[in-house]
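# What the coordinates show
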Amino acid sequence: MEDRDISQAVIRRLPRYYRYLKELKDEGKERISSHELSRIMKVTASQIRQDFNNFGGFGQQGYGYNTEYLYQEIGKILGLNHQHNMVLVGAGNLGQALVRYLKFKKSGFNFICAFDIDSRLFDQTIGGIPIRPMSELQSYVDSNDVDIVVLTIPKTGAKEVAETLSETRIKAIWNFAHVDLELPPQIKVENVHLQDSLMMLSYNIHRNEGTKEEA
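Now for a description of the structure that goes with this document. Just so it is clear, the structure is predicted and the values come from calculations on it, not from any experiment. (Residues numbered from 1 in each chain as written. Predicted model: local features only at pLDDT ≥ 70, side-chain atom pairs only at ≥ 80, totals over all residues. Heavy atoms only, no water.)

Along the protein, the regular secondary structure elements total nine helices and nine strands. Taking the principal axes of its C-alpha atoms as reference, the protein extends roughly 60 × 50 × 35 Å. Buried residues in the protein amount to 39% of all 215 residues. A separation of at least 24 residues holds for 56% of the contacts in the protein among residues at least 6 apart in sequence. Counting every atom, the protein has about 13600 Å² of accessible surface; 49% of that belongs to carbon and sulfur. Across the protein, the 26 positively charged side chains and the 28 negatively charged ones have centroids separated by 7 Å. (Helix = DSSP H or I, 4+ residues; strand = E, 2+ residues; numbered from the N terminus. Buried < 20%, exposed > 50% of the residue type's maximum accessible area, 1.4 Å probe, protein only. Contact = heavy atoms within 4.5 Å. Areas by Shrake-Rupley, 256 points an atom, 1.4 Å probe, with all protein chains shown as cover. Lys, Arg positive; Asp, Glu negative; His and termini not counted. Charge placed at Lys NZ, Arg CZ, Asp CG, Glu CD.)

Quick look at the pattern of salt bridges now. Should the charged atoms of two oppositely charged side chains come close, the side chains can pair. One pass over the structure, following the stated rule, counts 10 salt bridges. Note that Arg13 is salt-bridged to Asp51, the shortest N-O span being 2.7 Å. On the criterion of sequence distance, the pair formed by Arg13 in helix α1 (residues 8-26) and Asp51 in helix α3 (residues 45-53) is long-range, its members being 38 residues apart. For Arg13, a relative accessible area of 18% translates into the label buried. Overall, Asp51 belongs to the buried group, its relative accessible area being 0%. In this structure, the salt-bridge partner of Asp147 is Lys171, at a minimum N-O distance of 3.2 Å. Of this pair, Asp147 sits in the loop between α7 (137-143) and β7 (148-151) while Lys171 sits in the loop between α8 (155-165) and β8 (172-175), and the two are 24 residues apart along the sequence. On the accessibility criterion, Asp147 (6% relative accessible area) is buried. (Salt bridge = Lys/Arg side-chain N within 4 Å of Asp/Glu carboxyl O.)

So, about α3. All buried positions along α3 are accounted for by Ala45, Ile48, Asp51 and Phe52. Axial view of α3: buried residues confined to an arc of 120 degrees, hence all on one face. Buried residues along α3 sit against α1, α2 (34-41), β2 (65-66) and α4 (67-77). (Arc of directions from axis to C-beta.)

This paragraph deals with the pairing of strand β3 (residues 84-89). Taking burial as the measure, the six residues of β3 include five buried ones, the bulk of the element. Pairing geometry for β3 and strand β4 (residues 109-116), over six bridges, is parallel. Bridge pairing links Met86 to Phe111 in β4. (Pairing = 2+ DSSP bridges.)

And the structure:
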């Protein structure tokens, strides 16, 4: 698998497979065909088979897929069989909500510390993790096993923080700041723009209203 150049489109479907398979597993569904999964996922059965073939296939002709096995294997591909330690930068409302979201920990994403510039927050905790001064961020990351840094700070400070982090041993940044970060290739970045999703909803609402008016 390491030698394959797997498209980002395939990779972005994997969490959806994982989520739906979890639901099927919890419902007691022991096996599923690509056609059944196609109806749930709104992806063609041939696309599903192609996606899984990138990683070895997992199915048996005439049987389909064992739900539990497929769920576990996709979890391994996503790296969910390992714990990922995370630190939060920006202990505002969004940051606090992310820390308190219990499903992250159940999936192996474990917040271990938070950082902020507001001295009123120092020595307080969020969901049991301490809030420390931003001045301690680099030394903390250098001396602890941190995989992912979560940025929930204004765009004005995000680039500077990211540049500082690029000199540490972190592996990834989950960026909620309103700016696209570009870092050395060894540091993976996922830029999340919440407003973009709302704009897409707005577009589809107005498109739907326009269709009704034409009718």
